[in-house]
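# Descriptive structure summary
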Amino acid sequence: MRLHQELEARLRSAVAAVLPDAPLAGVAVRPCPDTRFGDYQTNSLMALAKERKMNPRQLATDVLAKLEVAEWCEGVEIAGAGFLNFRLKPSAICHALLDPLRGGPLFFSLAAVPRTVVVDFSSPNVAKPMHIGHIRSTALGDALSRVFRLLGHRVITDNHIGDWGTQFGLLLIGWKSHLDSAALERDPIGEMERLYKKVNADSEADPQVRENARQELVKLQAGDPENLAIWRRMIELSQVQFDTIYHRLGVTFDHTLGESFYNPRLKAVVQELTEKGIAQESRGAICVFSDGALPPKEDPFLIQKDGEWQPNPALIQKGDGAANYATTDLATLAYRWEVWKPDEVIYVTDGRQQLHFRQLFAIWRRWHPGLADRMRVAHVWFGSILGEDGKPFKTRSGETVKLGEVLTEAESRAFEVVTQKSPEISEAERREVARVVGTGAVKYADLSPNRQSDYVFSWEKMLSLQGNTAPYLQYAFARIRSIFRKSGVGIHSLPATFTLTHADELSLAKHLLTFGITLEAVAAEYRPNYLCSYLYELAGHFARFYESCPVLKSEGVERESRLVLCELTSRVLKQGLSLLGIEVLEQM
RNA sequence: GCAUCCGUAGCUCAACUGGAUAGAGCUUCUGACUUCGGAUCAGAAGGUUACAGGUUCAAAUCCUGUCGGAUGCACCA
């Protein structure tokens, strides 16, 4: 058991002794927000006292009298309105470092009840370049998947690519009448994008083109061999692009089941929902309306217009008989339940789709009322990336910014920096450093803000390589590795017992202990930015320790103890960054 | 119009979901044994958390209203 869990268990016993009927689930021990108060605290007693109309300080006094934590704490103080503050003994801190040092879990514990979690993220579109917007879903989804996995859950990642839909009508016309084979060979995505734009512009000028596109789409949907072959080719070419980008980002998927995979299942979904009375015909389309189960304000199928609540239905079949994305998403959810029986399905998409997912989840619950408690569904949404002008991030000419180009630019800027800072490293190594630093910087810039806020894209900030950035963390790691290279000490020669006395040693060690609490918060709220903050603070603690506590110049137990701290810090940095999908370097 | 989200230091963002004196980075200024890697560290400056009420031991966080912004709202995904 980790230290704070021990404290929590003892606290619960003490509370139970004072208030035998009190609910203990909410009684928690957390790290203190300010170390002046102590190392850990509980504010649960104030909430308990409030419920029971008791004097909170009196309750704190009574609980404290029953609390047995002398083994780990120097003392426990009552403070403020009824906080209990715990201050750890250095010996307890040292002891808590031992198991991780010997190869045990790094300050976290595996989930008591492992869950099966499906994570749906990235989802780029066929025949289009992946753009800067895809970094958010991809980085977030990948990081969350890694955290869930580390905590012992069974994770299934699924890339729900956009490989079906009305855009293929236009693309097919373009392919058949305007294809430049040489350009396709050179730059398949660029050529497909050009075709789409050309035909799209044509169709706006000429209704006949639009009609032709519709017919090509109908032929594709009917299984016309030629159109099917072209469509498959477009997917193939797009997948090459996706794979290249994912390889650069170090992202992998267990499955890539795109929209088209669910085509054979769509009719049955519509039929079943209609038969069950959940969906009905309206204005030629088949729709799901409100069932009146929720108050109008919370009902995703109602909207207020002109002072009255009016239907805001979800369409599951268009007037022309084709299904749309709500249908596909319902079929997808049904498939996931049938095949994987997950405890949870997480969708990582931008915030504009909130209404869609509220409707989707509501339909799902009406369709499968018995599953609501067995399979949790969550929409993990994020804000937009903005340009310096506060508008959606675009190039000067108004184009979307391509993700591949962003990564290349990041690497080339990182290469300049490493060349300037470390000219003695060979060029090949500098290229490798630039790759790791550049892609790490892009990912970290995306993961460190709260996912729900829009953020402003800035090369300067992303690659400033100082402050709260990936390179700062990577640098901290490289400095530690440098110490071990110089010392010639391996981890196997590190001592079994050691002591920590200096304030900067202790605060670094105490911060290491809270790694797992952070990971649990990341998983509970789907927020990797908590991990970013944690790692940035860890690197800060290390930097202060590094300034004030010479490692190799010290001797005996002090030297060995400091080496232990270095080793554990480097492991947590590496582990933490790897959860964010960011690599580390021995030298940079 | 309605819904969702948001408004925090000059700028870019945090704040463990109701906890203690609201924290970082950038910028500006001052300092750190010719350095166990200075891509570092220490210090200073910068705030009525948009505004006005309310709830309570405690509010950036919850409630009400006002102002401002982003996004979404029937056959794109």
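Here, every reference points to the structure presented above.
Residues numbered from 1 in each chain as written. Chains lettered and ligands numbered in written order. Predicted model: local features only at pLDDT ≥ 70, side-chain atom pairs only at ≥ 80, totals over all residues. Heavy atoms only, no water.

It is worth spelling out the packing of helix α18 (residues 503–513) against helix α21 (residues 556–579) at this point. A pair of packed helices is captured by two measures, namely the crossing angle of their axes and the spacing between those axes. Contact geometry of α18 with α21 gives a least axis separation of 11 Å together with a crossing angle of 35°. For the pair α18 and α21, the crossing hand works out as left-handed. Across the interface between the two elements, Glu505, Leu508, Ala509 and Leu512 from α18 touch Arg562, Leu565, Leu568, Thr569 and Val572 from α21. In the contact of α18 with α21, the residues fall into six nonpolar, one polar and two charged. (Axes fitted to C-alpha atoms, helices over the stretch in contact; angles between N-to-C directions. Helix = DSSP H or I, 4+ residues; strand = E, 2+ residues; numbered from the N terminus. Left-handed = near helix turned anticlockwise from the far one by under 90°. Contact = heavy atoms within 4.5 Å. Nonpolar A, V, L, I, M, F, W, Y, C, P; charged D, E, K, R; others polar.)

As for its position among the elements, Gly133 is in helix α5 (residues 133–150). Sequence separation of Gly133 and Leu565 is 432 residues, and the distance between their C-alpha atoms is 39 Å.

Core analysis: the largest hydrophobic core is formed by 136 residues, its most contacted members being Phe86 and Leu97. Examining the composition of this core, we find that 10 residues originate from one element, helix α10 (residues 225–249), more than from any other. What Phe86 contacts, discounting residues up to four positions off in sequence, is Leu7, Val29, Gly38, Asp39, Tyr40, Gln41, Thr42, Leu67, Val69, Cys73, Gly75 and Val76. With 34 residues, the next largest nonpolar core counts Val118, Ile286, Ile316 and Ile363 among its residues. (Core = buried A, V, L, I, M, F, W, Y, C linked by side-chain atoms within 4.5 Å. Buried < 20%, exposed > 50% of the residue type's maximum accessible area, 1.4 Å probe, protein only.)

Once that is clear, we can look at the packing of aromatic side chains. All told, the structure shown has 16 aromatic pairs when counted by the stated rule. Ring centres of Phe261 and Tyr262 lie 4.9 Å apart, and the angle between their planes is 85°; this geometry places the pair in the edge-to-face category. Overall, the relative accessible area of 35% leaves Phe261 in the partly exposed class. With centroids separated by 5.8 Å and ring planes inclined at 50°, the aromatic side chains of Phe542 and Phe545 adopt a geometry described as tilted. Here Phe545 and Phe542 lie together in helix α20 (residues 529–548), a separation of three residues that amounts to about one turn. For Phe545, a relative accessible area of 0% corresponds to the buried category. One aromatic cluster is present, formed by Phe261, Tyr262, Tyr335 and Trp340 through successive ring pairs. Here the guanidinium or amino end of Lys128 rests over the ring plane of Tyr196, the centre of that ring lying 6.0 Å away. If you follow Arg479 out to its NZ or CZ, it ends over the ring of Tyr546, 4.2 Å from the centre. (Phe/Tyr/Trp six-rings, centres within 6.5 Å; stacked < 30°, edge-to-face > 60°. Lys NZ or Arg CZ within 6 Å of the ring centre and 35° of its normal.)

Our next topic: unusual backbone geometry. Positive phi is not limited to glycine here, since Phe107 has a value of about 65°. Secondary-structure assignment places Phe107 in the loop between α4 (90–101) and β5 (116–120). What makes Phe107 buried here is its relative accessible area of 5%. Its identity is not glycine, yet Ala127 carries a phi of approximately 70°, on the positive side. Examined against the element boundaries, Ala127 turns out to sit in the loop between β5 and α5.

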